[in-house]
Amino acid sequence: MTASSSPKKLGVNIDHVATLRQARLAEEPSVLEAALDAEQGGADSITVHLREDRRHIQDADVFELIEKIYVPLNLEMSISPEILKIALKACPEKACLVPEKRQELTTEGGLNLFSKRKQLADTVEALSGKEVQVSLFIDPIEKQVREAARLGAYAIEIHTGSYANARGAQKEKELLRIRKAAQLGKELGLKIHAGHGLNYENIFPLLEIPEILEFNIGHSIISRAMFVGIARAVQEMKKIIQAKNN
Ligand code: PXP
């Protein structure tokens, strides 16, 4: 790590554990146990997305995790008033505002910060008023980054899905977009996070972007965990990230 850069952190998204539990509407696998294992593996934060349709994480999971885990909980959420009410009651350390569509398999694309602007601004203000660090999940687009700063967000989480899906020369272009958005965001006083579609291979070029302070990763870690367990799967990703920190 250079003297001027901060260590990069790893947030682990454990929604898939709840997806498996909800497939049987059963007690197992335990989302809390998964979070504690992820912590043991070196997770710096735990992320869960309380979706409006409650397809995986349930309200009770959010409250239990906040009470029982040691690292910060990052609550991914839409700006719906119903979800905001729960977030304000639960008061996680961090919240990441994302767009949400009922039919999507996972979050598709970043927020358009120019849509529902008043609701968005009120949501950021209400959460920030409770000392929740609010990040806005956006695509690496200049006007979205500028708007995030104007809205008074603590951080942006740059959507890395297009980068993860790109091939050949397009991958370089996507990387450049992320780099530029990260630089601009930092200049504007935002903390920079990144996530979506990242895995044990495609994370490497992103580690070269000094402005990115945190990666939020779910699918690849939980997939790997099926074969090696959650703690080790997290540990392996953390080792990749830490190698850059040292
Ligand atoms: N960040 C955000 C805002 C997300 O919506 C997701 C997916 O839930 C992730 C990160 C993690 O993405 P993945 O599961 O592809 O690692």
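The coordinates are above.
Remember, it's a predicted structure, so these values are computed and weren't measured experimentally.

1. A short note on the overall build of the chain
Thought 1: When its secondary structure is counted, the chain shows 11 helices and eight strands.
Thought 2: A compact globule built from 246 residues should have a C-alpha radius of gyration of about 18 Å, and the chain, at 17 Å, falls within 12% of that.
Thought 3: A burial count over the chain gives 51% of its 246 residues as buried.
Thought 4: Restricting the contact set of the chain to residue pairs at least 6 apart, pairs at least 24 apart contribute 68%.
Thought 5: In the chain, 33 positive and 34 negative side-chain charges are present, and the distance between their average locations comes to 5 Å.

2. Side note on the sheet that holds strand β5 (residues 133-138)
Thought 1: Ordered in space as β1-β2-β3-β4-β5-β6-β7-β8, the eight strands form a closed barrel in which the pairing is parallel. In this sheet, neighbouring strand axes are inclined to one another by 25 degrees on average, regardless of whether the strands run parallel or antiparallel.
Thought 2: By the bridge criterion, four bridges tie strand β1 (residues 9-13) to strand β8 (residues 212-217) in an arrangement that is parallel. Note that in β8 the partner of Leu-10 across the bridge is Phe-215.

3. Overview of the pairing of β1
Thought 1: Among the five residues in β1, four count as buried, and that is most of the element.
Thought 2: In terms of strand pairing, β1 meets strand β2 (residues 45-49) through three bridges, oriented parallel. Following the sheet pairing, Asn-13 is matched in β2 by Thr-47.

4. Focus: the pattern of salt bridges
Thought 1: Enumeration over the complete set of coordinates arrives at 14 salt bridges.
Thought 2: Two residues, Lys-238 and Asp-44, come together in a salt bridge whose shortest N-O distance is 3.3 Å. With Lys-238 in helix α11 (residues 230-245) and Asp-44 in the loop between α2 (31-40) and β2, the pair connects residues that are 194 residues apart, well separated along the chain.
Thought 3: Relative accessible area serves as the criterion here: at 23%, Asp-44 is assigned to the partly exposed category.
Thought 4: Between Glu-214 and Lys-94 there is a salt bridge whose closest N-O contact spans 2.6 Å. Remark: Lys-94 occurs in strand β4 (residues 94-97) and Glu-214 occurs in strand β8; sequence separation between them is 120 residues. Considered together, Glu-214 and Lys-94 belong to a single accessibility category, that of buried residues.

5. Digging into the packing of aromatic side chains
Thought 1: Applying the stated criterion across every chain, the model contains zero aromatic pairs.
Thought 2: The ring of Phe-114 is capped by Lys-143, whose NZ or CZ atom sits 5.6 Å from the centre of that ring.
Thought 3: The aromatic ring of Tyr-163 is capped on one face by Lys-171, whose charged end is 4.5 Å from the ring centroid.

6. Observations regarding the side chain of Ser-220
Thought 1: For Ser-220, the location among the structural elements is in helix α10 (residues 219-228).
Thought 2: The class of Ser-220 is buried, set by a relative accessible area of 12%.

7. Overview of helix α8 (residues 169-187)
Thought 1: Here α8 is 19 residues long and its end C-alpha atoms lie 28 Å apart, about the 27 Å a rise of 1.5 Å per residue gives.
Thought 2: All buried positions along α8 are accounted for by Glu-174, Leu-175, Ile-178, Ala-181, Ala-182, Leu-184 and Gly-185.
Thought 3: Buried residues along α8 sit against α6 (142-150), β6 (155-159), α7 (161-165), β7 (191-195), α9 (204-207) and β8.
Thought 4: Positive phi shows up at Gly-189, right after α8, with a value of about 90 degrees.

8. Remarks on the packing of α6 against α8
Thought 1: Two elements in contact, α6 and α8, have axes separated by 10 Å at closest approach and are oriented at 25 degrees. The angle between α6 and α8 falls in the class roughly parallel. Both α6 and α8 take part in a crossing whose hand is right-handed. Contacts between α6 and α8 pair Glu-142, Val-145 and Arg-146 from the former with Ala-181, Leu-184 and Gly-185 from the latter.
Thought 2: Grouping the amino acids of the contact of α6 with α8 by side-chain chemistry returns three nonpolar, one polar and two charged.

9. A short note on the packing of helix α4 (residues 81-90) against helix α5 (residues 117-129)
Thought 1: Where α4 contacts α5, the two axes come as close as 10 Å, and the packing angle between them is 10 degrees. As the angle between them shows, α4 and α5 are arranged roughly parallel. Two secondary-structure elements touch here, α4 through Pro-81, Leu-84, Ala-87 and Leu-88 and α5 through Gln-119, Thr-123, Ala-126 and Leu-127.
Thought 2: In terms of residue class, the contact of α4 with α5 is made up of six nonpolar, two polar and no charged.

What counts, and at which threshold
- Residues numbered from 1 in each chain as written.
- Predicted model: local features only at pLDDT ≥ 70, side-chain atom pairs only at ≥ 80, totals over all residues.
- Heavy atoms only, no water.
- Helix = DSSP H or I, 4+ residues; strand = E, 2+ residues; numbered from the N terminus.
- Rg over C-alpha atoms; globule rule 2.2 N^0.38 Å.
- Buried < 20%, exposed > 50% of the residue type's maximum accessible area, 1.4 Å probe, protein only.
- Contact = heavy atoms within 4.5 Å.
- Lys, Arg positive; Asp, Glu negative; His and termini not counted.
- Charge placed at Lys NZ, Arg CZ, Asp CG, Glu CD.
- Pairing = 2+ DSSP bridges.
- Axes fitted to C-alpha atoms, helices over the stretch in contact; angles between N-to-C directions.
- Salt bridge = Lys/Arg side-chain N within 4 Å of Asp/Glu carboxyl O.
- Phe/Tyr/Trp six-rings, centres within 6.5 Å; stacked < 30°, edge-to-face > 60°.
- Lys NZ or Arg CZ within 6 Å of the ring centre and 35° of its normal.
- Expected span 1.5 Å × (residues − 1).
- Parallel < 35°, antiparallel > 145°, perpendicular 65-115°, else oblique.
- Left-handed = near helix turned anticlockwise from the far one by under 90°.
- Nonpolar A, V, L, I, M, F, W, Y, C, P; charged D, E, K, R; others polar.

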